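Here is how the chains run, residue by residue.
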There are 2 protein chains.
Amino acid sequence: MKDMIDLDLPTYEDMLAARERIAPYVHRTPVLTSRILDEMSGAELHFKCENFQKAGAFKVRGACNAVFGLSDEQARKGVATHSSGNHALSLSYAAGRRGIPCHVVMPRTAPQAKKDAVRGYGGIITECEPSTSSREEVFTGVHERTGADFVHPYNDPRVIAGQGTCSAELIEQVDDLDAVIAPIGGGGMISGCCLTLSRAAPEVAIYAAEPKEADDAARSFRAGHIIADDAPVTVADGLKVPLKERTWAFVSNHVTDILTATEEEIVDAMRLTWRTMKIVMEPSCAVPLAVILKNPDVFRGRRVGVIVTGGNVDLDKLPWMQG
Amino acid sequence: MKDMIDLDLPTYEDMLAARERIAPYVHRTPVLTSRILDEMSGAELHFKCENFQKAGAFKVRGACNAVFGLSDEQARKGVATHSSGNHALSLSYAAGRRGIPCHVVMPRTAPQAKKDAVRGYGGIITECEPSTSSREEVFTGVHERTGADFVHPYNDPRVIAGQGTCSAELIEQVDDLDAVIAPIGGGGMISGCCLTLSRAAPEVAIYAAEPKEADDAARSFRAGHIIADDAPVTVADGLKVPLKERTWAFVSNHVTDILTATEEEIVDAMRLTWRTMKIVMEPSCAVPLAVILKNPDVFRGRRVGVIVTGGNVDLDKLPWMQG
């Protein structure tokens, strides 16, 4: 317990404060159901559609909580991050709503579409070489020059508290859930679920779903300590990052199990969701459904909340087109 | 007026009866909005999402109204049609819910995916050669053998009354609309809008959106009589069929204007909707947005209901992949 206090972990009250703080800037996203997917899974699935969220992903919750929690003095210096994915978009959106700068360090080799999207939300890009050492060096430079507040994509108590608002909405929208399942990469969303549900609905089992090709969280869970892989390759490109100490604290204490799916199972589940539910979602979001269909013994007959984490897909590179 | 009585046109009361009749079998679909698309268009757009409808399209409204309005005696003989698109799916779904046969005549050359989809909803397929004469001959045979009730995809008063329930919901979901816009092919959805809105909200302007490459309705509208083209080619494959006398009666009396968009404008609007709204919809559904973006003088500053007609897309053949 001492360890966890040292980690400055967010509390349930931090989540409640986040909810109030971010309410003007984020959507209360809808929950969709599908008769076909219920029949296929034998479960009763309730899809929390964060693909319809502002900036296209749940990450805007944590980003807004960080940005709108800054003092006016700190806010003037802006925020900074080195993500090139949904966190960069979300932080740019949040900063834009507050009218402060958002500095994003991205490899110069990142796809033009991603750079355009960040700029579209008002983010200021500083390019680095595509290596960890260059990224760190350039980021340190930006940080020192601007004094911007660093908002980590997931290992930040403000971000975890923000992500926790998603499951707080879900349990208001759907009564008597037996389980919640979400994809796991760095563990921000899952940690948010743990933070909220362990207090507000401790009877709800929390499952994390991970690509088999990037199963560092599942192996960490079994080993009892963080295992970080170097650059795993998976179609679920939002899920390549490793757990960090704050997310590990939540995952190791509250998650029921971490289940994995193969690349083929993920792509099949993604395609199935597009075809039956008519929603655009990222490959990462399909991992939970893939895991549910693969493990009927775990989910059959249960009432399950499924977090659909985001919808920022490259429509020119759909995974079933590459086969 | 005598002409219209001879045509056995549906009345507003028929629409109200349809609404009650089909309520147990169809969704009250949600209305979505998009800040980005509002900014791009200068209008306030409210998307009525029939892509989330049962069987994936609005056509299930008319099909259910026809099927559940049959006497028990007629129902036992089933229903029949010769569509190979959403009407065939929808009629199969409706018949399945009532537990009666649905006979669908389809060209043997129709894509396997379409045949599988019809069979998936319980439809009984009889194949014909890919020609009008073969289709008519085979259909007559099926009709005589089974005694099934023929449900035309759009030129049927029961079908038009059923489609009218969509705009009845829309004006309950969104107050004070200035206009409604929907794609036009045979004119079933537009006729339903005319039927409902001319009585319940006569101040709402009704616009039809049509591919320029299949603009027979626009030319009919200007000429004052039905012009039917033979096999136009457009990416909006749900909109190739011509108006018929019943839909023409509604279109010619109540539509404000019919506006067209090019193939490129349609594909751009489709892609834009997928990217910004994160919904899967058919090329046909993109024609209204294409028309709105192309005619800012018509739509700017107005509160517009946009009917998103269906979501049954071949995910292996997305139009921007063929460029």
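Residues numbered from 1 in each chain as written. Chains lettered and ligands numbered in written order. Predicted model: local features only at pLDDT ≥ 70, side-chain atom pairs only at ≥ 80, totals over all residues. Heavy atoms only, no water.

- The name given to chain A in an unreviewed UniProt entry is Threonine dehydratase, and the organism recorded there is Hasllibacter halocynthiae.

## Digging into the overall build of chain A
- Along the backbone of chain A there are 15 helices and 10 strands.
- On C-alpha atoms alone, chain A measures out to a radius of gyration of 18 Å, which is about the 20 Å that the 2.2 N^0.38 rule sets for 323 residues.
- Overall size of chain A, expressed as C-alpha extent along the three principal axes, is 55 × 45 × 40 Å.
- For chain A, the residues scored as buried account for 58% of the 323 residues in total.
- Of all intrachain contacts in chain A linking residues separated by at least 6 positions in sequence, the fraction that spans at least 24 positions is 72%.
- When the accessible surface of chain A is totalled, it reaches about 12,900 Å², and 47% of it is carbon and sulfur.
- Positive and negative side-chain charges in chain A, numbering 35 and 43 respectively, have mean positions lying 4 Å apart. (Helix = DSSP H or I, 4+ residues; strand = E, 2+ residues; numbered from the N terminus. Rg over C-alpha atoms; globule rule 2.2 N^0.38 Å. Buried < 20%, exposed > 50% of the residue type's maximum accessible area, 1.4 Å probe, protein only. Contact = heavy atoms within 4.5 Å. Areas by Shrake-Rupley, 256 points an atom, 1.4 Å probe, with all protein chains shown as cover. Lys, Arg positive; Asp, Glu negative; His and termini not counted. Charge placed at Lys NZ, Arg CZ, Asp CG, Glu CD.)

## Here's the deal with the sheet that holds strand β5 (residues 124-128) of chain A
Residue and element names in this part refer to chain A.
- The sheet built from four strands is open, its strands ordered β5-β4-β3-β6 with parallel pairing. Among the strands making up the open sheet, the edge pair consists of β5 and β6 (149-150).
- Both strand β4 (residues 102-107) and β5 contribute to a ladder of five bridges, which runs parallel. From the neighbouring strand, H103 faces β5, where its bridge partner is I124.
- Strands in contact with helix α8 (residues 132-146) are β3 (79-81), β4, β5 and β6; relative to β5, the strand with the most contacts, it is inclined by about 140°. (Pairing = 2+ DSSP bridges. Axes fitted to C-alpha atoms, helices over the stretch in contact; angles between N-to-C directions.)

## Notes on the nonpolar core
- The biggest cluster of nonpolar side chains holds 82 residues, and the ones touching the most others in it are W274 of chain A together with W274 of chain B.
- Setting aside residues no more than four positions away along its own chain, W274 of chain A makes contact with I279, V280, M281, V313, L315, L318 and W320 of chain A together with W274, V280 and L315 of chain B. (Core = buried A, V, L, I, M, F, W, Y, C linked by side-chain atoms within 4.5 Å.)

## Examining the interface of chain B and chain A
- Across the boundary between the two partners, chain B contributes 19 residues, which contact 19 residues of chain A.
- With both sides pooled, the region where chain B packs onto chain A buries about 1,800 Å², and carbon together with sulfur makes up 61% of that total.
- Among the residues chain B hides against chain A, the three largest losses belong to K278, L315 and M321 of chain B. Together they make up 35% of the total.
- For the pair chain B and chain A, the interface holds two salt bridges.
- Where D316 of chain A meets R271 of chain B, a salt bridge forms, and the shortest distance between an N and an O atom there is 2.8 Å.
- Summed over the shared surface of chain B and chain A, the result is 10 residue pairs in polar contact (both at pLDDT 80 or more).
- By residue class, the composition of the side of chain B that touches chain A is nine nonpolar, four polar and six charged. (Buried area = accessible area lost by both parts, 1.4 Å probe. Salt bridge = Lys/Arg side-chain N within 4 Å of Asp/Glu carboxyl O. Polar contact = N/O pair within 3.5 Å; in protein donor to acceptor, adjacent residues only side chain to side chain. Nonpolar A, V, L, I, M, F, W, Y, C, P; charged D, E, K, R; others polar.)

## Considerations on the UniProt feature "domain: Tryptophan synthase beta chain-like PALP" (unreviewed entry) in chain A
- UniProt annotation of "domain: Tryptophan synthase beta chain-like PALP" (unreviewed entry) refers to residues 23-310 of chain A when read in the numbering used here.
- A distance of 19 Å separates the end C-alpha atoms of residues 23-310 of chain A, which is 48% helix and 16% strand. (UniProt positions renumbered as here; feature names shortened; annotations may be inferred.)

## So, unusual backbone geometry
- Here D8 of chain A, not a glycine, exhibits a phi torsion of approximately 55°, which is positive.
- A residue is classified by how much of its surface remains accessible, and D8 of chain A, at 46% relative accessible area, is partly exposed.

## Some points on the domain arrangement of chain A
All names here are of chain A.
- For chain A, the assigned domains are domain 1 (2-20 + 27-57 + 156-321) and domain 2 (60-150).
- The C-alpha centroid of domain 2 is placed 24 Å from the C-alpha centroid of domain 1.
- Facing 20 residues of domain 1, the contacting portion of domain 2 comprises 13 residues.
- For the pair domain 1 and domain 2, the summed buried surface comes to about 1,300 Å²; carbon and sulfur atoms form 46% of the total.
- If you sort the residues of domain 1 by the area they bury against domain 2, K54, A55 and R158 come out on top, with a joint share of 45%. (Domains from an automatic or database assignment.)

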